[in-house]
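Examination of the molecular architecture
Each chain is listed here by its residues.
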Amino acid sequence: MAIDATTNTFRIIIVGGGIAGLATAIALRGPQREIIVLEKSRMNKEVGALLSLQPNAQKIVEQWNLKDILQRAKPTAERQFRILDTSGKIHMNIDMDGEKYGADRMVYHRQDLHSALREAALSTELPGYPASIVTAAKVVGCDCETRAITLADGTIYQGDLIIGADGIHSVIREAVLKAGNHELVHPAPTGVSAYRLLVETTNLAGLDVDKEVFDHTRQATTLIMGHDRRVIMGPARNGDLLGLVGMVPDEHMHESSTPNSWTTPGHLSKLLQTYHDFPQWIRDIFKQAPDIALWQLRDIDALPTWIAGRCIIIGDAAHAMLPTQGQGASQSIEDAEALQAFFADTTAKPNPQQITRRIRKVFEARYKRASLIQAYSRQQAKPATAKGSVKVTLNPAEFLDYNCKYEGAVKWLEQQEAS
Ligand SMILES: Cc1cc2nc3c(=O)[nH]c(=O)nc-3n(C[C@H](O)[C@H](O)[C@H](O)COP(=O)(O)OP(=O)(O)OC[C@H]3O[C@@H](n4cnc5c(N)ncnc54)[C@H](O)[C@@H]3O)c2cc1C
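Residue indices follow the written sequence of each chain, beginning from 1 at its first position. For this predicted model, a pLDDT threshold of at least 70 governs which residues receive local features, and a threshold of 80 or more governs which side-chain atom pairs are given and counted, while totals over whole chains, interfaces and linings are taken from all residues. Neither water nor hydrogens contribute to the side-chain values; these are computed over all heavy atoms in the structure.

**Things to note about the overall build of the protein**
- The numbering of helices and of strands both runs from the N terminus, where a helix is a DSSP run of H or I of at least 4 residues and a strand a run of E of at least 2. Tallying secondary structure elements over the protein gives 13 helices and 20 strands in all.
- For 419 residues, the compact-globule estimate of 2.2 N^0.38 gives 22 Å, and the protein sits close to it at 21 Å.
- The principal-axis extents of the C-alpha atoms in the protein amount to approximately 65 × 50 × 45 Å.
- Only protein chains enter the accessibility calculation, which uses a 1.4 Å probe; a residue is then buried when its area is under 20% of its type maximum, exposed when over 50%, and partly exposed in between. Across the 419 residues in the protein, those meeting the buried criterion constitute 55%.
- Per-residue and other accessible areas were derived by the Shrake-Rupley procedure at a 1.4 Å probe size, with only the shown protein chains allowed to occlude residues. For the protein, the accessible surface area stands at approximately 18,400 Å², while carbon and sulfur atoms represent 49% of it.
- As used throughout, the charge tally considers Lys and Arg to be positive and Asp and Glu to be negative, leaving His and the chain termini uncounted. For charged residues, the charge sits on one atom: NZ in Lys, CZ in Arg, CG in Asp, CD in Glu. Separation between the mean location of the 46 positive side-chain charges and that of the 48 negative ones in the protein comes to 3 Å. The globule rule is 2.2 Å times the number of residues to the power 0.38, and the radius of gyration it is compared with is taken over C-alpha atoms.

**A few points about the sheet that holds strand S9 (residues 139-143)**
- If you trace the three strands from one edge of the open sheet to the other, you get S9-S10-S11, paired in antiparallel fashion. Both outer strands of the open sheet, S9 and strand S11 (156-158), are each paired with one neighbouring strand and no more. The average angle at which neighbouring strand axes cross in this sheet is 20°, direction not considered.
- Strands are treated as partners if at least two bridges between them are detected by DSSP. As paired elements, S9 and strand S10 (residues 148-151) share four bridges and run antiparallel to each other. Among the inter-strand pairings, aspartate 143 is bridged to a residue of S10, identified as alanine 148.
- Note on definitions: a residue-residue contact is assigned when non-hydrogen atoms from the two residues lie within 4.5 Å. Here the axes come from fitting lines to C-alpha atoms, over the contacting stretch only for helices, and the angles between their N-to-C directions go from 0 to 180 degrees. Relative to S9, helix H6 (residues 171-179) is tilted by about 25°, and along the sheet it contacts S9 and S10.

**Describing the environment of glycine 326**
- Following the sequence through the fold, glycine 326 ends up in the loop between helix H9 (315-319) and helix H10 (328-342).
- According to the relative accessible area criterion, glycine 326 is buried, its value standing at 18%.
- Between the C-alpha atoms of glycine 326 and leucine 51, which are 275 residues apart in sequence, the distance is 7.6 Å.
- Once residues lying within four places of it in the same chain are set aside, the contact partners of glycine 326 are Ser52 and Gln54.

**Observations concerning helix H13 (residues 409-418)**
- Within H13, the full set of buried residues consists of Ala409, Trp412 and Leu413. Projected down its long axis, H13 shows its buried positions confined to an angular sector of 95°, all on one face. Arc, as used here, means the arc of the directions from the helix axis to the C-beta atoms.

**Concerning unusual backbone geometry**
- Here the phi dihedral of arginine 147 falls at roughly 60°; this positive angle occurs in a residue that is not glycine.
- By secondary structure assignment, the location of arginine 147 is in the loop between S9 and S10.

**Some details on the side chain of arginine 82**
- With respect to the secondary-structure elements, arginine 82 resides in strand S5 (residues 80-85).
- Between Lys or Arg on one side and Asp or Glu on the other, a salt bridge is scored when a side-chain nitrogen of the former is within 4 Å of a carboxyl oxygen of the latter. Buried charge without a salt bridge: arginine 82, with glutamate 212 as the nearest opposite-charge side chain at an N-O distance of 5.8 Å.
- A polar contact of 2.6 Å, which involves the side chain of arginine 82, links it to the backbone oxygen of glutamate 212.
- When residues no more than four places from it in sequence are discounted, the contact partners of arginine 82 are Ile90, Met92, Asn93, Glu212, Val213, Arg218, Ala220, Thr221, Thr222 and Leu223. Two N or O atoms form a polar contact when they lie within 3.5 Å of each other; inside protein one atom must be a possible hydrogen donor and the other a possible acceptor, and for residues adjacent in sequence the pair counts only when both atoms belong to side chains.

**What about the packing of H10 against H13?**
- Relative orientation of the contacting elements H10 and H13 amounts to 85°, with a least axis distance of 8 Å. Accordingly, the angle class assigned to the pair H10 and H13 is roughly perpendicular. Along its contact with H10, which presents Glu337, Ala338, Ala341 and Phe342, the element H13 presents Ala409, Val410 and Leu413.
- Three classes are used, and their members are as follows: Ala, Val, Leu, Ile, Met, Phe, Trp, Tyr, Cys and Pro are nonpolar, Asp, Glu, Lys and Arg are charged, and the others, Gly among them, are polar. Tallied by class, the residues present in the contact of H10 with H13 amount to six nonpolar, no polar and one charged. Convention used here: angles under 35 degrees read as roughly parallel, angles over 145 as roughly antiparallel, angles from 65 to 115 as roughly perpendicular, and any remaining angle as oblique.

**Let's talk about the domain arrangement of the protein**
- Domain boundaries shown here were taken from an automatic or database domain assignment. By the assigned domains, the protein splits into domain 1 (10-75 + 107-187 + 301-418) and domain 2 (190-299).
- The gap between the C-alpha centroids of domain 1 and domain 2 is 29 Å.
- Between domain 1 and domain 2, the residue contacts involve 22 residues of the former and 18 residues of the latter.
- Defined in terms of a 1.4 Å probe, buried area is the accessible area two parts forfeit on being brought together, summed over both. Both faces considered, domain 1 and domain 2 share a buried interface measuring about 1,800 Å² in area, 61% of it formed by carbon and sulfur atoms.
- Here domain 1 is connected to domain 2 by two salt bridges.
- In this structure, the salt-bridge partner of arginine 237 is aspartate 112, at a minimum N-O distance of 2.8 Å.
- Seen at the junction of domain 1 and domain 2, the total is three residue pairs in polar contact (both at pLDDT 80 or more).
- Those elements that place two or more of their residues in the side of domain 1 that touches domain 2 are strand S7 (105-109), helix H5 (110-122) and helix H11 (352-381).
- In terms of residue class, the side of domain 1 that touches domain 2 is made up of 11 nonpolar, seven polar and four charged.

Okay, here's the thing in structure tokens:
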């Protein structure tokens, strides 16, 4: 059903069709809302990697009536988190308590989750109007005053509300910071790079490892800690795939990643050289990966603001974080829910003051929490030293509770105001 655009139509432009942008296109669906997603890629080759939705985010997507669509994305629930050393000694075995947090931690193939969110954003069966997604639409400029968005081919889009969900190298972040006369904030290398591999588990049948130490059929995330290198791995796609991430300090890399790419190819021989002192069975798993991708871990400092006029940035554009807690995508889903919650009572087009007030509420509800999780993710990779990071005082167990007990932006803000 196409929207009947009238002067009373609330026109929302979302820049970026990644997890944050698509989740927001679902969350904001409603009567008399025209939602346009501008995505620079052709959306036909999402990168192969695993991505988890932690209970705080899984709870939210389950509330969006996406059960069937998400089921087709073949998520795998994680039941345990295990930490081993390189000798195979188990140091920690934490049972993940889905009941305690209201949802399980679910692991998806990034492509599957992306396709499911896209299907939901475009679905004619969910309430509200489906979004339109314009691909090959690279945004090169945004005027926060007039809310005019310029594409590389010169096309201009104008909306009542602009949402920048254009990832870590965000163009909209630059526009928002410039509009407030703030210094620009750029992604900074963190001194750590990561290898990313996906292995079909049918190739692991003959793996020579004690099943107590590692069993690829176990619904568990396993972290193997070396002195300064680590491997984290877990199953996805109903157990058909095992995803692995190897984190290595840059000075121990035997090859280099391209700073702005998620997909620099890595080389097996160099990977094996880097992990020469890890157990043979892990090195045997590495050998089964058809491709090896390499990416330099970058994040950004907490920003002075996420809003200017009627523009707001969300997701990695606002709070790109290291993957050490697996909260990157989950925090984006929380942003989408916050926008949904603070615009829930607008059935027609809100006036400019109402829009400004509501995005300010979103910022107030989300900023402190996202910045703290961002700082904690950085601290887990190495001590937080950079300016702009928030001081972290919680221990890891408290932080798991802090991350996962979240019950939505409105409740969160009320709790914050009451404390
Ligand atoms: C290809 C890829 C692979 C990733 N792999 C991992 C991983 O292995 N581990 C991990 O922890 N995180 C990974 N991430 C990041 C993770 O997906 C994000 O932290 C999380 O999902 C939040 O997403 P986001 O939507 O804010 O940003 P992103 O997922 O980066 O999405 C941003 C979207 O905006 C689009 N875009 C960017 N600039 C423009 C522009 N100027 N005009 C129009 N569109 C634009 C991009 O094409 C992209 O689709 C990856 C991201 C990408 C894009």
